[in-house]
Amino acid sequence: MRIDLLNAMVNYNEKTITSMGMHLVRKIGVPGTSELFCIEWNHNTDFIVVGGAMGTLKIIKIEDNFKGVNSLSVNQALEGHSSSVMCASWNEIYQKLTTSDAAGLIIVWGQHNDSWFEEMINNRNKSIVVGMGWNCEGNKIAIAYADGQVIVGTLEGNRIWNKDLPNVLCACEWAPDGNSIFFGTQEGELHVYDGQGNFVQKVHLIGMDSMELRTALESELVIPKNEDSNEIKRKPDPIICIRWYIPPMRSKVKKTDGPKAPNNAINNEPFTKAATRMFSDPTTFHPSNNVPGEPDDSVAAPRISRMTASDPPPTEMMQQIIPDKPRLLIAFTHGVIQLMRNELDTSPIIVRFPKYKITCARWSPNGAFVAVTGYKTDEPPLEQCFIHVITAYGQIISNSRIRDTTTLTGFAWDKTGLKFSISADAFCCFGCIRPQYKWGYIGHTVIYIYEKEEKNTFAVNFYETKLEELFVKTINRFQNIGCHENYCILVNEQVEEEKRTYFAQLCNGIGTALDFKHTEVEPRCVALNGYAAVIAGGQQYFIWHFVLPKYNSVQTGIHVPGKEGVYNLEENNSGPRRGYGRTADSICALSMADKYFYAACDSGALYKIELNDGNILQRLSIAPNLDSIKLNCTFTRLATLDKNLVLTIYDFKDNSVVEWKKLEQREVWNYIWDAEKEDMLAMNEKVKMVVLKGNSFEEPVNTSGYLCSFKGLIVKTVAIEKFLLRPEAPDKKHLHDIETKALRDVKLLLERMKIDEATEFIEKNPHPRLWRLLAEVALNKLDVATAEHAYVKLRDYSGITFCKKLLNIQNGEIQRAEVFSHLSKFDKAEKIFLQNDRRDLAIAMYTKINDWKHVLQLLTADDDDSVRQTALKNVGDSLYDHMKYQEAAMVYKQADCLEQRINSLIKSNLFGELEELARNLPDNHRLLEKIGDAFTSRGLCDQAVECYMKCGLVKKALAACIELNFWERANAIAKSNNLADVDVMLSKYAEELIGPSNERSMSALQLYRRAGRLMDAAKICFEIAKDETIRMAPYTRLKRIYVMGALLIEEMHVQRNKGREKPSAARVLEDTLNEEMEVSIEESRVIENAWRGAEAFHLICVAHQHFYEERPSDALRTAIILTEYEDILDVNEIYSMMALAAANVRQFSLCSKAMMKLEVCEMSTEDEKEMMRDLSLEMFNMFPPTESQVSKLQCPSCEAYIKEYDTTCGSCFTKFPVCIATGRPLLELQFWICLTCKHRAYQKEITKFRTCPLCHSSTSFL
């Protein structure tokens, strides 16, 4: 069975966030009840069920905007319970809802068109239901009562089994595989039963066993043993909750599906009648011979073999589950949580919340987090409720207080993991979760990180918003990220030989690494400015002065790089401290200035540290437990955000820090300073964005986006969660620009043309963006005085100059055109210029901004050619810079820019056109050499030589031929121009190539071959073969090398006979004698024995093949032939093969000869020789070395009879040729011969091959 997963949660986990903020947005009262006891969220349909006192049960559905009661698209009260509804459970596969109340009444509800109705009921009236849940396939339900009764039934209402357990139960939960059920007891024990109700095991819970005495006393879990004794014993702590993490499943029920009658096995009665029989008396469904209350074995499912509950279930869940990640949650009443990988886990994770009573615990939809609700016993009644969020590995990442609440009983995640709902008192409350993602914004690029399916593999996505392009960078073990302006630093962990280091790389907006560094400092915090970065963790901080290649000269003029290295707070902090002790403290936040940075510690210590040498300049004290700190643009104020979402702003005055403003009433989860004004700060508060200007707040704006930048009175926000929902397909629409109130007000005034009022407003609220906006509107109205005033305020000299220029223009239309040109509205300016017959001004405007395409469009045939040529050249330069080389070459041709055209043709690889261009150039032209160099670099020797010879560079032409190994052409050039002997140069070059490695010798071989010196190439080839033989190379490789050398000799013969007419026999003899006289004795020997090496290794391979194919007779024939190659092959190898083959065919005479050869072989050691003698003595004592009777064959020359294993006729002394296909002597007059190597084979044997067995040529098979 395959069930698709919902996969709707935002892609974040404990590795891609630093912390998590939670805040309530809406509180909806539930009428008719005094207290709510449960709340559950349906992830497929977004229905939320809440149950409470006096039978209250409501199903609601809330819109995404959280605007209140009016936003409830569904608000239905379900009637059927008369007592307090204590439990509710969704069946998301089949869209069922099961609820139970304090009287033991259970109701199953069905859905029809967003309405819910009663399908089945069961009323036991004996005990309260403490836990119920559906299995992962949605076809079974388990119900646990407090008195120990357990019922397991089907979706249709049929009972599978029931059982009375000897314990007071508190909770129950199905295992992910659906084969076992977990029950929590009042005594704090966890029992496991299989699918048929058989006890399996008791899970070891160390959460209570390892509790310290002090913790137990605080949790009221100890009682005196007796009144007369001081001894104490520990109370049992009931299990409040058991939860396995199972990924949310996609529903099988479509929205259009109507209600379906339950397929009851008893009858087909209507819903109401069938409902009354659901899970009725335990004895009803069993035969009379069965014991009441015991399961009926005759109808029970077959027992499944034992396996851990975390093994993959029968339902195919298409999501990877990390093996070592905890999935089982056990929560105890008095603040203890045990996280386990499976029920057999021997090293679970224990999380303790002192003086805290747990009421509920729930996994997040992706299994990365656990939300725990409850209340502190030592807090005031209205301040005692808290929500803690921990990771699956037990790390606490969020603590949220729910104020003005006395009870907090339930918690539910939504499917995205960004919203939650809680049941508190008589209210259903909704809130938002704000993860502090590890993300960044540089330039126009949004950077977001998520973990891929492979463990510890992260995708760092760089989304360039202007070009709308995505660049993905994959790194392992990602740790942290820091951003500043146009660059970011990514830090990941590297584990090598049990040593943990961190790799930091500086990247630009498309993920290209510009610089990198290794450090051992844990990257809890990362910050950077324009030339340095700081990585801090614990008490250490690492200062890195990186290098930006593009701005290196600028950096050199501004900043002298200081000391890089790791520094320690304790070592650099020898002076007295104020406000904190000298205990070990950890750095929790960083903020960079230009020449120094601030480091905040968990205790509230704030250090001012110099970037140049890492020395501590100042020690201050601020609030503890900070999440982040940020300096304003002038470094005079510091904003801090603590873990309770309280934002505080400090002023730096007289070497001290003074608290300027504390926003305790606001739940701030993100903030950013204005990049231009030191007293403006934008912050996210719940679902709104507020701008703090001086001491006053502007009107809030509804937004949930994270703050990217604050510049020019515009706050840019990005919905990171939208990117993480579909990380492979980001969309620009998730970025929004929000204008501040001042900018909106000024725009409104200017739209109404109230320039004087706008000027007065800007004078009171000065900002560069406002003055620039005023100048633009004033220029559009030709109000030069106001525009000049605005430019004076901006200190914009070019703007002031333009205003003075505008006053000197008398024509109003031309003034308007110049204004449009100044404001970069060039199309409107061009239109006005042309309407006023001032094409020259339009051309000058486009020339000023280097828009040469428009200049060409405006030019006419009567205009100066120099202007056209300049425009064409600049258009060509633009195309060349954009790597459109072919188009640039065409434009350069029109502009008559020869050198630029040549560069473009070279870049675009249009060498045909370049060759034609070179032929049309006059002799000795200065660019011919450049063209020749281009041809040489591309390996085009003929074209390069033609260019060099045309400009008189004969030596360079010769060098090009030598470089490209065109030695024949080089020899011709040298002879025709009386230059140095090319053969001498070739020999020197080859000597340089020949070295200790055969690879270099092979390069020399190829050099000689291309130069036509095939004899020298063959010599090198045979030398390589000899060297490889010494190195014990495989026979097949040695054969190939020898074949290559022999083919070079054959090619030499062909080359010498090339172009000659078919000679007579006398002429052939004469040419052969002349050829032998021309070559040396060494070369003559090489020619004569060209194929011997190839024959030797070919035949030994054939002999091995015969032997392993159990043809020892053929192997013996080939081994006898191999005795002629003792100078090439290993003698031991030859005669060992001969002796072995002869012994197998009982030719002990031949075997004796082979053994005698082995006994005296010089290559054998004395021990080996002695061993051979012993073996011979033993063998030939048993089998005398006499000649065995063998078949007789006729010699093809004299027709005399010869022995089967003879290779030469004893009568006519004819030496028989060898069949290269079988390795046997060739005794037939009709045979096949290879046209390449001239070797022979039996005709009937060669039909098995497609190429020559020796040289592998296919010429003779065509």
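Now for a quick tour of the structure. Quick caveat: nothing in here was measured; it's all calculated off a predicted structure. (Residues numbered from 1 in each chain as written. Predicted model: local features only at pLDDT ≥ 70, side-chain atom pairs only at ≥ 80, totals over all residues. Heavy atoms only, no water.)

Topic: the packing of aromatic side chains
In this description, an aromatic ring pair is defined by two values, namely the gap between the centres and the angle between the planes.
And then number 1: Scanning the entire structure with this criterion turns up 31 aromatic pairs.
And then number 2: Plain terms: the ring middles of Phe-1107 and Tyr-1108 are 6.1 Å apart, the flat faces sit at 85° to each other, and that makes the pair edge-to-face.
And then number 3: Against the face of Tyr-671 rests Lys-630, its NZ or CZ located 4.6 Å from the ring centre. (Phe/Tyr/Trp six-rings, centres within 6.5 Å; stacked < 30°, edge-to-face > 60°. Lys NZ or Arg CZ within 6 Å of the ring centre and 35° of its normal.)

Describing the environment of Glu-830
And then number 1: Following the sequence through the fold, Glu-830 ends up in helix α12 (residues 826-835).
And then number 2: Judged by its relative accessible area of 15%, Glu-830 falls in the buried class.
And then number 3: As a C-alpha pair, Glu-830 and Leu-858 span 28 residues in sequence and 9.9 Å in three-dimensional space.
And then number 4: Apart from residues no more than four positions distant in its own chain, Glu-830 is found in contact with Ala-842, Met-845, Tyr-846, His-854 and Leu-858. (Helix = DSSP H or I, 4+ residues; strand = E, 2+ residues; numbered from the N terminus. Buried < 20%, exposed > 50% of the residue type's maximum accessible area, 1.4 Å probe, protein only. Contact = heavy atoms within 4.5 Å.)

Considerations on the sheet that holds strand β6 (residues 72-77)
And then number 1: A sheet is described by the order of its strands in space; here 4 strands give the open sequence β3-β4-β5-β6, paired in antiparallel fashion. The sheet is open, and its two edges are formed by β3 (36-41) and β6, each paired on a single side. The average angle at which neighbouring strand axes cross in this sheet is 15°, direction not considered.
And then number 2: Pairing analysis gives 5 bridges linking β3 to strand β4 (residues 48-52), with the strands arranged antiparallel. Each bridged residue has a counterpart across the sheet, and for Glu-40 the counterpart in β4 is Val-49. (Pairing = 2+ DSSP bridges. Axes fitted to C-alpha atoms, helices over the stretch in contact; angles between N-to-C directions.)

Some thoughts on the pairing of strand β41 (residues 525-528)
And then number 1: The two faces of β41 match: Cys-525 and Ala-527 on one face and Val-526 and Leu-528 on the other face are all buried.
And then number 2: With 4 bridges connecting them, β41 and strand β42 (residues 533-537) associate as antiparallel partners. Residue pairing in the sheet places Val-526 in a bridge with Ile-535 of β42.
And then number 3: The antiparallel hairpin formed by β41 and β42 contains 4 residues in its connecting segment.

Regarding unusual backbone geometry
And then number 1: Residues other than glycine seldom take positive phi values, yet Leu-782 does so here, at roughly 60°.
And then number 2: Among the secondary structure elements, Leu-782 is positioned in the loop between α8 (768-780) and α9 (784-794).
And then number 3: Residue Leu-782 is classed as partly exposed on the basis of its relative accessible area, which comes to 31%.

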